[in-house]
Each structure stands twice: as C-alpha cells, then as structure tokens.
Amino acid sequence: MERTALLRRLTWQTGTVIATTFETPRVRTITFAVPDWHGHRAGQHLDVRLTAPDGYQTQRSYSIASGPEDDHLSITVERLDDGEVSSYLVDELRAGDELEFRGPIGGHFVWENATGGPLFLVAGGSGLVPLRSMLRHHRATSSQVPVRVLCSARSLELLIYRQELMELAASPLVDVSITLTREAPEDWAGYRGRIDSMLLSEAGWPISAEPLTYVCGPTAFVETAAAGLVSMGHDPGRIRTERFGGTGM
Ligand SMILES: Cc1cc2nc3c(=O)[nH]c(=O)nc-3n(C[C@H](O)[C@H](O)[C@H](O)COP(=O)(O)OP(=O)(O)OC[C@H]3O[C@@H](n4cnc5c(N)ncnc54)[C@H](O)[C@@H]3O)c2cc1C
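As recorded by an unreviewed UniProt entry, the protein chain carries the name Ferredoxin-NADP reductase and is attributed to Kribbella voronezhensis. Under the Cofactor (unreviewed entry) heading, UniProt states for the protein chain: "FAD".

Written out as structure tokens, the structure is:
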C-alpha cells in the first residue's frame, strides 16, 4: 500500500455530523461531513473513537453504510442495551457534533464492479450495512453483475433500509429475499425462520453458478451461514465473511 494512503488510514480525523436518521427504533444512520476523506471501497469499515471529559478513550469498528459514489460518508449503528459506544451513537449524538474516526479499513470484505459475480449477499440484522454499500456501488456503476440478497431480521419493522431494499429489488438484476425470525405479518409472503441450508439454496445461487458470497452479521449468524454454504458444496474460497461480534440475533 502506498505510504501516504496508509498513514491517512491510521490517522484519526474529525467529521461533523450533518444528519441522523432512525432506520428502526434502535438503529440509526449517522452522516458526516469529512474535510479530508479520500474515498472508500464498498464493504470497508472505519474505527470510531470516543473520548470522555476525563480523558478515557474507547473505540469500535463500524462498516461504511454509504456507497463509494455517495456525496457523504455514513455509518449505521444498532444500539445494544448495555453497549458503551453504540448507545452514545444512537441516543446522544446530534447534528453539529464532531466525531473522531480513522479509515477506511479492510481489503478482503470488499466488492467492486470489476470483482464480478454472480453475487450472493447474506445479512443478519445490522450485517446489512456493508452490503448496502455494495448494492449502492452496484447501482451507481450500472453494474451488470446479477445479485441475490438474503436478509434475516427479527420482524419487518426491525429490517433496516426496508424502503431502499424494495427500490433496489425493482432492478431485474437484483433479487431480494427476506426471512423474519420472530414475527411476521399474517399476509407475509417472504420466508420465516432462521437461515439454514434449505433457505440458502432457495434464495442463493446454484453451485454451478460459482457465486461470490458475502456474509455479514453477528458472529453466530455468520458462522452458521458460511458453514451451511460450505456443506452444500460452495467453494469456501468464494465466501467472504465479516463478523460484528455478539453471539446471535
Ligand atoms: C468490522 C466490524 C464492523 C462493524 N460494523 C458495525 C455496523 O455497521 N453497525 C453496528 O451496529 N455494529 C457494527 N460492528 C459492531 C461494533 O463494532 C460494536 O461491537 C457494537 O456497536 C457494540 O459496541 P458497544 O460499545 O455498544 O458494546 P460493548 O459495550 O462493547 O458490549 C456490550 C455487550 O454487547 C456484546 N456485544 C458486543 N458487540 C456485539 C454485537 N455486534 N452484537 C451483539 N452483542 C455484542 C458484548 O459482548 C457485551 O456483552 C462492527 C464490528 C466489526 C468488527
């Protein structure tokens, strides 16, 4: 990596919050203006650092939710009830506040048009965040790569980016499947229940298509989905994973 680019990634910089939007009652998208941002690749993340008045500092990683072609940088954060950083970002941060971060970080969980496909994007809960950046990149570059998306959420109300997913699904190249694990509307026509091999094979690609798969979400979700795909015969070398931590959904 070029030395200047590496130094830029490792250097903390300050962004100003310009907008916040609740995706669900506990998930918020935060958009920043960053004076010296040199772009990112879809799927990368950044580190956010908080400093308390007494000097105590802590940092966490957040996937970049915006597409590389978007005007501003954004992250989407899910509040964990006892979460030190996420509860501040979701409940306290306001437009005009400053936030320290560094990045972009990551070179493996990245998709660019030239990477090809067909693509299978599998998300558990807020694991949809980096995949949304990939989908935005796909749309912005008028990519011809066919994409299948499988999202798992506890309920329809808790599915993030719901409207955007519906809009993306209007493209003949993008197929979106949703599974609801806890509650579903009576007339729900999508899937119900946790992701398993049957669901992965119905919503994904046949092995013969040699899909490139990205799985993201809580650790247990990612491990289950990736193990399911491998046991079905998919090439492990074409399955990329990003674990957010935690044990499940
Ligand atoms: C590469 C990467 C990208 C990430 N991207 C995102 C993102 O886009 N959006 C997002 O909301 N989070 C993302 N995360 C998770 C994020 O970094 C934090 O772990 C999360 O916000 C919790 O931090 P906290 O300080 O609020 O909780 P903590 O105070 O650190 O932990 C509180 C409790 O929650 C548990 N816990 C920690 N992390 C999780 C988790 N992810 N799920 C369930 N339980 C957990 C801990 O074990 C602890 O019991 C990402 C993590 C990684 C490694």
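Here the narrative resumes.
### Some words on the UniProt feature "domain: FAD-binding FR-type" (unreviewed entry) in the protein chain
Residues given the UniProt feature "domain: FAD-binding FR-type" (unreviewed entry) here are residues 10-111. Secondary structure within residues 10-111 divides into 9% helix and 46% strand; the distance between the first and last C-alpha atoms comes to 22 Å.

### Overview of the site of the ligand
The immediate surroundings of the ligand are formed by 20 residues, with R60, S61, Y62, S86 and F244 found nearest. Backbone polar atom of E84 to an oxygen atom of the ligand: 3.0 Å apart, as the coordinates give it. Backbone polar atom of F244 to a nitrogen atom of the ligand: 2.8 Å apart, as the coordinates give it. With the chains in place, 72% of the 900 Å² that the ligand exposes on its own is no longer accessible. Contributions of two or more residues to the shell around the ligand are made by strand 4 (57-63), strand 5 (73-78), helix 2 (84-91) and strand 12 (239-243). Counting residues per element, the shell around the ligand draws most heavily on strand 4, which supplies 4 residues. Counted by class, the shell around the ligand contains 6 nonpolar, 8 polar and 6 charged residues. Each of two domains, domain 1 (13-105) and domain 2 (113-244), supplies a minimum of three residues to the shell around the ligand.

### Digging into the domain arrangement of the protein chain
Here the protein chain is partitioned into domain 1 (13-105) and domain 2 (113-244). Distance between the C-alpha centres of domain 1 and domain 2: 24 Å. Taking both partners together, domain 1 and domain 2 bury about 1,300 Å²; carbon and sulfur atoms supply 55% of that area. On the domain 1 side of the interface with domain 2, the three residues burying the most area are S63, A65 and E69, jointly 28% of the side's total. Our count for the domain 1 to domain 2 interface comes out at 1 salt bridge. Linking domain 1 to domain 2 there are 6 residue pairs in polar contact (both at pLDDT 80 or more). Going through the elements one at a time, strand 1 (13-24), strand 2 (27-33) and strand 5 are the ones with two or more residues in the side of domain 1 that touches domain 2. Partitioned by chemical class, the residues of the side of domain 1 that touches domain 2 number 5 nonpolar, 10 polar and 4 charged.

### Considerations on the nonpolar core
L121, L128 and Y214 are the most contacted members of the largest nonpolar core, which totals 31 residues. Broken down by secondary-structure element, the contributors of at least two residues to this core are strand 7 (119-124), helix 3 (128-140), strand 8 (147-153), helix 4 (162-168), strand 9 (174-180) and strand 11 (212-217). When residues of this core are sorted by domain, at least three fall in each of domain 1 (13-105) and domain 2 (113-244). Beyond its immediate chain neighbours, meaning those up to four positions away, Y214 contacts H108, F109, V110, W111, T115, L119, F120, L121, V122, L131, M134 and R240. Ranked by size, the runner-up nonpolar core spans 18 residues in total, among them L46, L50, I75 and L93.

### Some thoughts on unusual backbone geometry
A cis geometry characterises the amide bond from G103 onward to P104, with omega recorded as 5°. Its place among the elements puts P104 in strand 6 (residues 98-105). For the peptide bond that leads from G117 to P118, omega is -5°, which places it in the cis range. Take P118: it is sitting in the loop between strand 6 and strand 7. The backbone phi angle of S142 is positive, close to 50°, even though this residue is not glycine. Counting through the fold element by element, S142 comes out in the loop between helix 3 and strand 8. At Y161, a residue that is not glycine, the phi angle is positive and equals roughly 55°.

Criteria and cut-off values
- Residues numbered from 1 in each chain as written.
- Predicted model: local features only at pLDDT ≥ 70, side-chain atom pairs only at ≥ 80, totals over all residues.
- Heavy atoms only, no water.
- UniProt positions renumbered as here; feature names shortened; annotations may be inferred.
- Helix = DSSP H or I, 4+ residues; strand = E, 2+ residues; numbered from the N terminus.
- Near = heavy atom within 4 Å.
- Polar contact = N/O pair within 3.5 Å; in protein donor to acceptor, adjacent residues only side chain to side chain.
- Areas by Shrake-Rupley, 256 points an atom, 1.4 Å probe, with all protein chains shown as cover.
- Nonpolar A, V, L, I, M, F, W, Y, C, P; charged D, E, K, R; others polar.
- Domains from an automatic or database assignment.
- Buried area = accessible area lost by both parts, 1.4 Å probe.
- Salt bridge = Lys/Arg side-chain N within 4 Å of Asp/Glu carboxyl O.
- Core = buried A, V, L, I, M, F, W, Y, C linked by side-chain atoms within 4.5 Å.
- Buried < 20%, exposed > 50% of the residue type's maximum accessible area, 1.4 Å probe, protein only.
- Contact = heavy atoms within 4.5 Å.

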